[in-house]
Amino acid sequence: MKKIWIVGSMGHIGRALSNLLDITEYELFETDKIDVDITDEVEVSRFAMCNRPDVIVNCAGYNVYAKKEPLDVDEAYRVNTVGARNLAQAADAIEAKLIYLSTDDVFSEKNDHPYNEFDAVSPVGVFAKSKYAGEKLVTQLMTRHVIVRSSWIYGIGKDFLDFVIAAAEDEGQHTLTLDNNAIAVPTSAEELAKVIVQLIDGEHYGIYHAVCAGTPCTRQEYAKEILRLIGKEDQLEVVVRDQAPQPYSVLDNMMLRITGLEVPADWRETLADYLARTGGQE
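In this text the structure is predicted, and so the values were computed from the model without any measurement.

A.B. asks: Sorry, what's going on with the overall build of the protein chain here?
C.D. replies: Within the protein chain one finds nine helices and twelve strands. Its C-alpha atoms give the protein chain a radius of gyration of 19 Å, within 12% of the compact-globule value 19 Å for 282 residues. Across its three principal directions, the C-alpha atoms of the protein chain cover 55 × 40 × 40 Å. Counting over 282 residues, the protein chain shows a buried share of 51%. Within the protein chain, counting contacts between residues at least 6 apart in sequence, those at least 24 apart form 81% of the total. Approximately 12,900 Å² of the protein chain is accessible, and the part contributed by carbon and sulfur atoms is 49%.

A.B. asks: What exactly am I supposed to notice about the sheet that holds strand 5 (residues 145–150) here?
C.D. replies: Across a sheet, strands are paired by hydrogen bonds formed along the backbone, either parallel or antiparallel in direction. Taken together, six strands build an open sheet; the order of strands is 2-1-3-4-5-10 and the sheet is parallel. Each end of this open sheet is capped by a strand with a single partner; those strands are strand 2 (26–31) and strand 10 (206–209). Averaged over all neighbouring strand pairs, the angle between strand axes comes to 20 degrees, with direction disregarded. Pairing analysis gives six bridges linking strand 1 (residues 2–7) to strand 2, with the strands arranged parallel. The residue bridging I6 from the neighbouring strand is E30, located in strand 2.

A.B. asks: Would you explain the side chain of N181 in this entry?
C.D. replies: Among the structural elements, N181 can be located in the loop between strand 7 (175–178) and strand 8 (183–184). The exposure class of N181 is buried, given its relative accessible area of 11%. A polar contact of 3.4 Å, which involves the side chain of N181, links it to the side chain of T218. Within the local environment of N181, its side chain forms a polar contact with the backbone nitrogen of Q220, the two atoms lying 2.8 Å apart. Residue contacts for N181: discarding those within four places in its chain leaves T218, R219, Q220, V240 and Q246.

A.B. asks: What is the right way to read helix 2 (residues 41–51) from this model?
C.D. replies: An α-helical turn contains 3.6 residues, so a residue and the one three or four places further along point in the same direction. Among the residues making up helix 2, those that are buried are V44, F47, A48 and N51. Along helix 2, the residues classed as buried sweep out an arc of 95 degrees about the axis, all on the same side. Exposed and facing more than 90 degrees away from the buried side of helix 2 are V42, R46 and C50. Contacts from the buried residues of helix 2 go to strand 1, strand 2 and helix 3 (73–93).

A.B. asks: I tried to follow the nonpolar core on my own but got confused; where do I start?
C.D. replies: If you look at soluble globular proteins, the nonpolar side chains tend to sit buried side by side. Residues L161, L176, Y222, I226 and L271 are the most contacted members of the largest nonpolar core, which totals 33 residues. Elements that contribute at least two residues to this core include exactly helix 5 (160–169), strand 7, strand 8, helix 7 (219–229) and helix 9 (267–278). A per-element tally of this core places helix 5 first, with six residues. Formed by 29 residues, the second largest nonpolar core is a distinct cluster that contains L17, C59, L101 and L192.

A.B. asks: What exactly am I supposed to notice about the packing of helix 1 (residues 12–20) against helix 6 (residues 189–201) here?
C.D. replies: The description of two helices packed together rests on the angle between their axes and the distance between the axes. Orientation of helix 1 relative to helix 6, taken along the N-to-C sense of each, is 65 degrees, at an axis distance of 8 Å. Taken together, helix 1 and helix 6 sit at an angle that is classed as roughly perpendicular. Pair helix 1 / helix 6 crosses with right-handed handedness. For the pair formed by helix 1 and helix 6, the contact residues are H12, I13, A16, L17 and L20 on the first element and A189, E190, L192, A193, K194, I196, V197 and I200 on the second. Split by residue class, the contact of helix 1 with helix 6 holds ten nonpolar, one polar and two charged.

A.B. asks: Looking at this structure, how should I read helix 9?
C.D. replies: Compared with an ideal rise of 1.5 Å per residue, which puts twelve residues at 16 Å, helix 9 spans 16 Å between its outermost C-alpha atoms and is within 8% of the ideal. Turning to helix 9, its buried residues are W267, T270, L271, Y274, L275 and T278. Considered in projection along helix 9, the buried side chains sweep an arc of 130 degrees and stay on one side of the axis. Seen from the open side of helix 9, the exposed residues pointing more than 90 degrees away from its buried face are E269 and A276. At the C-terminal side of helix 9, G279 shows a positive phi close to 65 degrees.

A.B. asks: Could you clarify how one ought to interpret the side chain of S249 in this entry?
C.D. replies: Within the secondary structure, S249 sits in the loop between strand 12 (237–240) and helix 8 (254–258). S249 sits in the buried class, given a relative accessible area of 7%. A distance of 2.4 Å separates polar atoms of two side chains, one belonging to S249 and the other to D104. Ignoring any residue separated from it by four or fewer positions in sequence, one finds S249 in contact with D104, F107, I183 and A184.

Conventions we followed
- Residues numbered from 1 in each chain as written.
- Predicted model: local features only at pLDDT ≥ 70, side-chain atom pairs only at ≥ 80, totals over all residues.
- Heavy atoms only, no water.
- Helix = DSSP H or I, 4+ residues; strand = E, 2+ residues; numbered from the N terminus.
- Rg over C-alpha atoms; globule rule 2.2 N^0.38 Å.
- Buried < 20%, exposed > 50% of the residue type's maximum accessible area, 1.4 Å probe, protein only.
- Contact = heavy atoms within 4.5 Å.
- Areas by Shrake-Rupley, 256 points an atom, 1.4 Å probe, with all protein chains shown as cover.
- Pairing = 2+ DSSP bridges.
- Axes fitted to C-alpha atoms, helices over the stretch in contact; angles between N-to-C directions.
- Polar contact = N/O pair within 3.5 Å; in protein donor to acceptor, adjacent residues only side chain to side chain.
- Arc of directions from axis to C-beta.
- Core = buried A, V, L, I, M, F, W, Y, C linked by side-chain atoms within 4.5 Å.
- Parallel < 35°, antiparallel > 145°, perpendicular 65-115°, else oblique.
- Left-handed = near helix turned anticlockwise from the far one by under 90°.
- Nonpolar A, V, L, I, M, F, W, Y, C, P; charged D, E, K, R; others polar.
- Expected span 1.5 Å × (residues − 1).

The following block contains the structure:
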């Protein structure tokens, strides 16, 4: 059986991937910070050498939902950059494939079309810069790597969807105020996990964008769709605090298309299905 080490197994993508992989076909090593601290170079190397996985999937990340703002700059770079370096070094030493989960936030400038994998990045802010620094180290330290960028991931964990639902369930709250009205594509953790499985099983390398299909939306439109699907669109008004030019990080799944891999389903359909099954409480 192919050995898969899922790093950050308690997060959105880690849990979705664990649920999707059949344990009769794969041997899984699932770790979170309490098991293996990826910022510890020796600890990472020791675990990799002892277990010798064929594929390492780095789902770990330090972001705004993991910790209260403001972000700790050193910790962001320690996890998102140094952690990525440690896993890349360990993977290269045992000749394993490394799949590194990055972010749409490496793009920020308004564009006239979705960003494909060959467009120049423009990271703004600590989270985006630390994730892109991780990307660079992975590409510099090894050849058998895949970098996967996605956007607005929801499902199995705390995220924007939970934030909206919590506000809707608060009987004393009648207005939901968003800091900005960024534009991207909501992506189901389950759909992203399906893409990762294709990358685990195939001999595909390089950078891949993986977001749900469908027309991009603003944060306000996303929030309103969540409220509509849970039947609370009339009890909570969604407003935007900052009307300045909005962050734009719409991704194009070009590499999935041109290499013949399956593209995630439409975001409105997957969101409706997820909320129908779980009510957002998974």
